[in-house]
Amino acid sequence: MWQFLDSLFATYHGTTYQLQDFVRAFSTSNPHFWSTFCVAGLTFAIGFVEYIYSFRLVNREGKSPYNLLMHSYYFAIDSMGIFVFATASHAVGGFWIFQFAAVAEVVWTLFEVYNLVKCVYVEREEIWGKDVTVRDAWWRVAGWLVVMIPTVNLFRIFMNDPAMLKWYIFTNILMGIMPGLYWEKRGTQLGASKGLAIVIMIGTINSFLPTNMWAAVSSYFSVQNNPWFYVVGVVAIAFSIRSLLVLHRLPDKPKVLPNGKKSIW
């Protein structure tokens, strides 16, 4: 019994992974290079698709599938990721995965800027009410960013997270859990999407299979060394499946919207 309890609550398999773990995992000399490359590529691609859905939905249906907390959190993560991956590349003498990730983070950050702009100019009344002006909304967005950016960086240092790999799993946990709860609170399928819910579910499952990108980079994230990683994964996957059930129970949105555009499935 004590051995089991120690394995869950009192055993720490080192403090973290290393930048060199990325170099090893994403070098062509790695015998598992192609499997690592494919699972990482799928992980990145799903992340892009999740945000492409976001600005398609807010443009077409006037509502984003994610709330302001998520947008501000992801802005903090992605904008800091630009600098983290750039400095990581410099630290190892230049390496393609860090360079690619830095560029990808620029794109994701621009996605977030776009979504934050839409919060102010499209979703302002729904988020804050009719009495909030554009100027006040921008101050409130700025307030969230002032909170999120230093908080993310503080905890990245506390967690000894040299390439934000630990923080990025939290982005996937949040993505698996929060959208369905937000859709349920709003009580409408508008701004949500069954297609997006399926993508989120696939992405969440992909993040917590034993063959996930994190475990492919470092044994720190293996089932044996980090069982809580996978316990949280079960919870996130369950909530991502629940999101589909939430949408199924909500009233169907019209196939053609009042603006004459087709709604997004």
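Scroll up a little and you will see the structure.
Residues numbered from 1 in each chain as written. Predicted model: local features only at pLDDT ≥ 70, side-chain atom pairs only at ≥ 80, totals over all residues. Heavy atoms only, no water.

### Considering the overall build of the protein chain
Then comes step 1: A count of helical and extended segments in the protein chain gives 11 helices and zero strands.
Then comes step 2: When its helices and strands are written in sequence order, the protein chain yields α-α-α-α-α-α-α-α-α-α-α.
Then comes step 3: Computed over its C-alpha atoms, the radius of gyration of the protein chain comes to 20 Å, within 12% of the 18 Å expected for a compact globule of 265 residues.
Then comes step 4: Oriented by its inertia axes, the alpha-carbon framework of the protein chain measures out at about 55 × 40 × 35 Å.
Then comes step 5: Counting across all 265 residues of the protein chain, residues that qualify as buried make up 50%.
Then comes step 6: Contacts in the protein chain between residues far apart in sequence, at least 24 positions, make up 74% of those at least 6 positions apart.
Then comes step 7: When the accessible area of the protein chain is evaluated, it comes to approximately 13,500 Å², of which 68% is carbon and sulfur surface.
Then comes step 8: Computing the positive centroid from 20 side-chain charges and the negative centroid from 15, the protein chain places the two 8 Å apart. (Helix = DSSP H or I, 4+ residues; strand = E, 2+ residues; numbered from the N terminus. Rg over C-alpha atoms; globule rule 2.2 N^0.38 Å. Buried < 20%, exposed > 50% of the residue type's maximum accessible area, 1.4 Å probe, protein only. Contact = heavy atoms within 4.5 Å. Areas by Shrake-Rupley, 256 points an atom, 1.4 Å probe, with all protein chains shown as cover. Lys, Arg positive; Asp, Glu negative; His and termini not counted. Charge placed at Lys NZ, Arg CZ, Asp CG, Glu CD.)

### Observations concerning the side chain of Arg124
Then comes step 1: Structurally, Arg124 can be placed in helix 6 (residues 124-128).
Then comes step 2: Glu125 is the oppositely charged side chain nearest to the buried, salt-bridge-free Arg124, at an N-O distance of 5.1 Å.
Then comes step 3: When sequence neighbours within four positions are dropped, the list of residues in contact with Arg124 reads Cys119, Gly129, Val132, Thr133, Val134 and Ala137. (Salt bridge = Lys/Arg side-chain N within 4 Å of Asp/Glu carboxyl O.)

### Comments concerning the layout of surface pockets
Then comes step 1: What the second largest pocket holds in volume is close to 200 Å³.
Then comes step 2: Residue lining of the second largest pocket: Gln189, Ala192, Ser193, Lys194, Leu247, Asp252, Lys253, Lys255, Ser263, Ile264 and Trp265, and that is the complete set.
Then comes step 3: Residue composition of the lining of the second largest pocket, by class: four nonpolar, three polar and four charged. (1 Å grid on protein atoms, 1.4 Å probe; cavity = no way out; pocket = protein on both sides within 12 Å on 5 of 7 lines; lining within 4 Å. Points joined across faces, edges and corners; volume = space filled by probe spheres on them. Nonpolar A, V, L, I, M, F, W, Y, C, P; charged D, E, K, R; others polar.)

### Some points on the nonpolar core
Then comes step 1: Counting 65 residues, the largest nonpolar core has Phe22, Phe26, Tyr73, Phe98, Leu165, Trp183 and Trp214 as the members making the most contacts within it.
Then comes step 2: Per-element tally for this core: the top contributor is helix 8 (residues 165-186), with 10 residues.
Then comes step 3: When residues no more than four places from it in sequence are discounted, the contact partners of Trp183 are Pro65, Thr188, Gly191, Ala192, Ser193, Leu196, Ala197, Ile200, Ser243, Leu247 and Leu250.
Then comes step 4: In this structure, Leu116, Cys119, Trp128 and Ala137 belong to the second largest nonpolar core, which totals 10 residues. (Core = buried A, V, L, I, M, F, W, Y, C linked by side-chain atoms within 4.5 Å.)

### Concerning helix 11 (residues 227-249)
Then comes step 1: Over its 23 residues, helix 11 extends 34 Å from the first C-alpha to the last, a length consistent with the 33 Å expected when each residue adds 1.5 Å.
Then comes step 2: Taken residue by residue, helix 11 has Phe229, Tyr230, Gly233, Ala236, Ile237, Ser240, Ser243, Val246 and Leu247 as its buried positions.
Then comes step 3: On the buried face of helix 11, the contacting elements are helix 8, helix 9 (194-208) and helix 10 (213-217). (Expected span 1.5 Å × (residues − 1).)

### Observations concerning the packing of helix 5 (residues 96-121) against helix 7 (residues 134-158)
Then comes step 1: Their axes nearest at 9 Å, the elements helix 5 and helix 7 cross at an angle of 140 degrees. Compared by their axis directions, helix 5 and helix 7 come out oblique. As helix 5 runs across helix 7, the sense of the crossing is right-handed. For the pair helix 5 and helix 7, contact is made by Leu116, Val117, Val120 and Tyr121 and by Val134, Ala137, Trp138, Val141 and Leu145, respectively.
Then comes step 2: Taken together, the residues that form the contact of helix 5 with helix 7 break down as nine nonpolar, no polar and no charged. (Axes fitted to C-alpha atoms, helices over the stretch in contact; angles between N-to-C directions. Parallel < 35°, antiparallel > 145°, perpendicular 65-115°, else oblique. Left-handed = near helix turned anticlockwise from the far one by under 90°.)

### Some details on the packing of aromatic side chains
Then comes step 1: One pass over the full model with this rule turns up 31 aromatic pairs.
Then comes step 2: Judged by centre distance (4.9 Å) and plane angle (55 degrees), the ring pair of Phe229 and Tyr230 falls under tilted. Take Phe229 and Tyr230: they sit in the same class, and that class is buried. (Phe/Tyr/Trp six-rings, centres within 6.5 Å; stacked < 30°, edge-to-face > 60°.)

### Digging into the packing of helix 4 (residues 68-91) against helix 8
Then comes step 1: Where helix 4 meets helix 8, the closest approach of the two axes is 11 Å, and the angle between their N-to-C directions is 160 degrees. By the angle between their directions, the pair helix 4 and helix 8 is classed as roughly antiparallel. In this structure, helix 4 crosses over helix 8, and the sense of that crossing is left-handed. When helix 4 is examined against helix 8, the residues Met70, Tyr73, Tyr74, Ile77, Asp78, Gly81 and Phe85 are found in contact with a partner set consisting of Trp167, Tyr168, Phe170, Thr171, Leu174, Met175, Met178 and Pro179.
Then comes step 2: Residues that form the contact of helix 4 with helix 8 fall into these classes: 12 nonpolar, two polar and one charged.

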